[in-house]
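Summary of structural features
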Amino acid sequence: MSAIDGLIANNRTFAQSLPERHLDVRPSLRLAIVTCMDSRLNVFSALGLKDGQAHIIRNAGGVITDDAIRSLAISQRRLGTREVMLVHHTNCGMQTLTDDGFRAELQAATGVAPAFAIESFVDIDADVSQSILRVRRSRFVEHRDSVRGFIYDVDTRLLREVHVEDEDPH
Ligand SMILES: [Zn+2]
C-alpha cells in the first residue's frame, strides 16, 4: 500500500467522524499565510487555526514567488483577505543547497537548466525581510499595510517576529 492509499483510508474515517458543514469560501480571519512546505510545521496546530479561517500558501522555503503573489492577489481581491503573515522556519531544507549548485544539478540530470529561480538562502532573518518587502512592493497585492514576517523554531515551536524598515513602501 502506498502512502497515498493510507491517506485515502484515513480520509474516510475522518469524514465519517464529523458532521457535514458548510463553511464560507472567504476566510473568516481575512488572513493569508505564506509558509514553507516543511513537514514539521503544522500551521493549524502551531497557530491555533481552524478550518475556514485563513488561506495557507505553501512552497519550498515559503518564498514569495510570482505564484505566491498570484495566490495573494486572488486571496485579497476575490476572497476578502486583508492581512498577510509570512512564516519561515529554522533548519529549513532551503539552507542546505545553493542556487548555482542546485541549478547545475538539475541541468546535469536533465540536460535543461530550469527557468525558475531556486531561491535558496543562508540567513533566515534576511530571507524573511526580503519576503516582506516583495509582498509590500507588489501592487498586485491590494492590501500591503499588514504584512508581517516570522521565524518558527521547529524545536521550541515558538514564533519570533522579524521587523523590517521599508524605506520605499510604494
Ligand atoms: Zn523550509
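Report follows, based on the coordinates. (Residues numbered from 1 in each chain as written. Predicted model: local features only at pLDDT ≥ 70, side-chain atom pairs only at ≥ 80, totals over all residues. Heavy atoms only, no water.)

**Looking at the overall build of the protein chain**
Of the regular secondary structure elements, the protein chain holds 5 helices and 5 strands. In sequence order, the secondary structure elements of the protein chain are arranged as α-β-α-β-α-β-α-α-β-β. C-alpha extents for the protein chain along the principal axes are approximately 50 × 45 × 35 Å. Of all 170 residues assigned to the protein chain, the portion counted as buried reaches 38%. (Helix = DSSP H or I, 4+ residues; strand = E, 2+ residues; numbered from the N terminus. Buried < 20%, exposed > 50% of the residue type's maximum accessible area, 1.4 Å probe, protein only.)

**Let's talk about the coordination of the zinc ion**
Bound to the zinc ion on the protein side are Cys36 (SG), His89 (NE2) and Cys92 (SG), at distances that span 2.0 to 2.2 Å. Spacing between the donor residues of the zinc ion along the chain follows C-x52-H-x2-C. Highlighted residues: Cys36 in strand S1 (residues 31-36) and His89 in strand S3 (residues 83-89), separated in sequence by 53 residues. Taken individually, Cys36 and His89 each receive the classification buried, so the pair is uniform in this respect. (Donors = N, O, S within 2.8 Å, 3.2 Å for Na, K, Ca; no water.)

**Points about the nonpolar core**
Core analysis: the largest hydrophobic core is formed by 23 residues, its most contacted members being Leu72, Leu86 and Val135. Residue assignment for this core shows that the elements contributing at least two residues are S1, helix H3 (66-77), S3, helix H5 (124-137) and strand S4 (147-152). Tallying contributions element by element places H5 first for this core, with 5 residues. Apart from the residues lying within four places of it in its own chain, the contact partners of Leu72 are Ala32, Val34, Ile57, Val84, Val135 and Val141. Counting residues in each nonpolar core, the second largest holds 11 residues, with Leu31, Ala54, Val87 and Phe150 among its members. (Core = buried A, V, L, I, M, F, W, Y, C linked by side-chain atoms within 4.5 Å. Contact = heavy atoms within 4.5 Å.)

**Topic: the side chain of Ser131**
Mapped onto the elements, Ser131 comes out in helix H5. With residues near it in sequence (within four places) discarded, Ser131 still touches Gly62, Ile64, Leu86 and His88.

**So, the sheet that holds S4**
In a beta sheet, neighbouring strands are held together by backbone hydrogen bonds and run either parallel or antiparallel to one another. Spatially, S2-S1-S3-S4-S5 is the arrangement adopted by the 5 strands of the open sheet, whose pairing is mixed. Each edge of the sheet is formed by a strand with only one pairing partner; in this case those strands are strand S2 (54-59) and strand S5 (159-162). Averaged over all pairs of adjacent strands, the angle between strand axes in this sheet comes to 25 degrees, irrespective of strand direction. In this sheet, S3 lies alongside S1 in parallel orientation, the contact comprising 5 bridges. Of the residues in S3, the one forming a bridge with Ile33 is Met85. In the packing of H3 onto the sheet, contacts are made with S1, S2 and S3, and the angle to S2 comes to roughly 175 degrees. (Pairing = 2+ DSSP bridges. Axes fitted to C-alpha atoms, helices over the stretch in contact; angles between N-to-C directions.)

**Here we look at the side chain of Gln53**
With respect to the element layout, Gln53 can be found in the loop between helix H2 (43-47) and S2. By relative accessible area, Gln53 is classed as buried at 16%. At 2.7 Å, the side chain of Gln53 and the backbone nitrogen of Lys50 are in polar contact. Filtering out sequence-adjacent residues up to four positions away, Gln53 remains in contact with Pro27, Ser28, Leu29, Arg30, Leu31 and Gly48. (Polar contact = N/O pair within 3.5 Å; in protein donor to acceptor, adjacent residues only side chain to side chain.)

**As for the pattern of salt bridges**
If the charged atoms of two oppositely charged side chains come close together, the side chains can form a pair. Applying the stated criterion to the full structure yields 6 salt bridges. The salt bridge partner of Arg70 is Asp67, with a shortest N-O separation of 2.6 Å. Of the two residues, Arg70 and Asp67 both sit in helix H3, 3 residues apart, roughly one turn of that helix. In this structure, Arg134 and Glu119 form a salt bridge, with 3.0 Å as the shortest nitrogen-oxygen distance. Residue Arg134 is located in helix H5, and its partner Glu119 is located in the loop between helix H4 (99-110) and H5; the two are separated by 15 residues in the primary sequence. (Salt bridge = Lys/Arg side-chain N within 4 Å of Asp/Glu carboxyl O.)

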